[in-house]
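As a plain string of letters, each chain reads:
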Amino acid sequence: MEVKTSLTLKGGFSLTSWFREAASSGHALEWKVIRRLYQDQSPYQRIEVLELETFGIALILDGIMQTTSGDEFIYHEMLAHVPLLAHPRPQRVLIIGGGDGGLAREVLRHPEVEELTLVEIDRMVVEVAMKYLPEHTRALSDSRLVIRYADGSRFLKDTSNHRRFDVILVDSTDPEGTGPGRWLYTQAFHDDVLLSLRGEGIFAQQTGTPFFNPEVMTQVAQSLIQRFAWAGVYWAAVPSYPGGFFTFSVGSMGPQVSEPRRDLAEATKWYSSDVHRQAFVLPPYFKRRLPLSINRGVARERV
Ligand code: SAM
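Parameters and conventions
Residues numbered from 1 in each chain as written. Predicted model: local features only at pLDDT ≥ 70, side-chain atom pairs only at ≥ 80, totals over all residues. Heavy atoms only, no water. Helix = DSSP H or I, 4+ residues; strand = E, 2+ residues; numbered from the N terminus. Buried < 20%, exposed > 50% of the residue type's maximum accessible area, 1.4 Å probe, protein only. Polar contact = N/O pair within 3.5 Å; in protein donor to acceptor, adjacent residues only side chain to side chain. Pairing = 2+ DSSP bridges. Axes fitted to C-alpha atoms, helices over the stretch in contact; angles between N-to-C directions. Contact = heavy atoms within 4.5 Å. Near = heavy atom within 4 Å. Areas by Shrake-Rupley, 256 points an atom, 1.4 Å probe, with all protein chains shown as cover. Nonpolar A, V, L, I, M, F, W, Y, C, P; charged D, E, K, R; others polar. Domains from an automatic or database assignment. Buried area = accessible area lost by both parts, 1.4 Å probe.

Here we take up the side chain of Asn161. Positionally, Asn161 belongs in the loop between helix 5 (152–155) and strand 10 (165–171). On the accessibility criterion, Asn161 (2% relative accessible area) is buried. Of the polar contacts made by the side chain of Asn161, one reaches the backbone oxygen of Phe155; its length is 2.8 Å.

A few words now on the sheet that holds strand 7 (residues 92–97). If you trace the 7 strands from one edge of the open sheet to the other, you get 9-8-7-10-11-13-12, paired in mixed fashion. Edge positions in the open sheet fall to strand 9 (145–149) and strand 12 (230–237), since each of these has one partner strand only. Between one strand axis and the next, the sheet turns through 15° on average, direction left out of account. In this sheet, strand 11 (residues 197–206) lies alongside strand 10 in parallel orientation, the contact comprising 5 bridges. For Ile168, the partnering residue across the bridge sits in strand 11 and is Phe203. Packing against the sheet, helix 6 (residues 187–196) makes contact with strand 7, strand 10 and strand 11, and its axis sits at approximately 145° to strand 11.

A separate point is the site of the ligand. Taken together, 27 residues surround the ligand, and among them Gln45, Tyr75, Glu120, Asp151 and Gly152 come closest. Note that a nitrogen atom of the ligand is positioned 2.8 Å from one of the side-chain N or O atoms of Asp151. A distance of 3.2 Å is found between a nitrogen atom of the ligand and a side-chain nitrogen or oxygen belonging to Asp171. Contact with the protein chains hides 99% of the accessible area of the ligand, taken as 600 Å² for the molecule alone. Elements represented by at least two residues in the shell around the ligand include exactly strand 5 (56–61), strand 7 and strand 8 (115–120). Partitioned by chemical class, the residues of the shell around the ligand number 13 nonpolar, 9 polar and 5 charged.

What follows covers the domain arrangement of the protein chain. Considered domain by domain, the protein chain is made up of domain 1 (2–66) and domain 2 (72–287). For domain 1 versus domain 2, the separation of C-alpha centres amounts to 27 Å. Facing the 23 residues of domain 1 at the interface are 16 residues of domain 2. Summing both sides of the interface, domain 1 and domain 2 together bury roughly 1,700 Å²; the carbon and sulfur share of this comes to 72%.

Structure follows, in structure tokens:
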């Protein structure tokens, strides 16, 4: 959370700055900083943009690493293509959060998508991303995209959104702490998600790194298994997130999300249909924190 400067006097003088994020009380990540490009306080969070020596341009919210130009493709390809390629025909998609634009870019690579609604609570995040993260935001001018500046949990309470979406993706900040992300990890929110999906709707949300916050993955999986015909957890290795092993939780009204129905015509850097299937193979270390029927297609297990 702090940018720490250290003087190295080994035969010379260099002012080295490091950005440090505490993953837990006993573990932290540090990135060497070339320069700070931006910092300001929005009505919702502290926004920083740093240029890092190893990971390129990084967006940081309330001292937590959100996305870097160096490895963002992993997270955004896995959160977009796994649900979308498991759905028979994802015409209407909703993203909640995702103000850096990376997830929208990946969703809009699907020709089946006719309408993408992005509900981001903090307009400043989008404006900062437009200025400093051009690779993330290059699809935000797509005519299929509508951006709404609102709280995603309130947006879904609007009955005009009921039975409207084929796929709903939550790309929010983490539920810990006092940020607005915490409203997107409640059972009441999942009830509203279910009301807002149509047909063989699929829901997916980031559920963090189980090495440090396993309860997020466990609680979301338990909530989804009680509401959806099929529920699963899959993972990807994201170097800039604590522990490297990052999870996504999915609920489906029909399709078994672990099985892709088609390929993506365009080339990707991380996602493939083999990676899709393998991502649902969970080590026992994590499976024991999840309901038995996760990734198995047993409908509505009572946990
Ligand atoms: N990839 C990152 C991760 O996994 O932590 C998420 C990055 S994205 C920038 C997170 C976005 O979620 C932020 O821009 C934040 O403003 C937005 N957000 C958090 N809570 C929200 C809510 N209740 N409604 C809409 N957007 C929200």
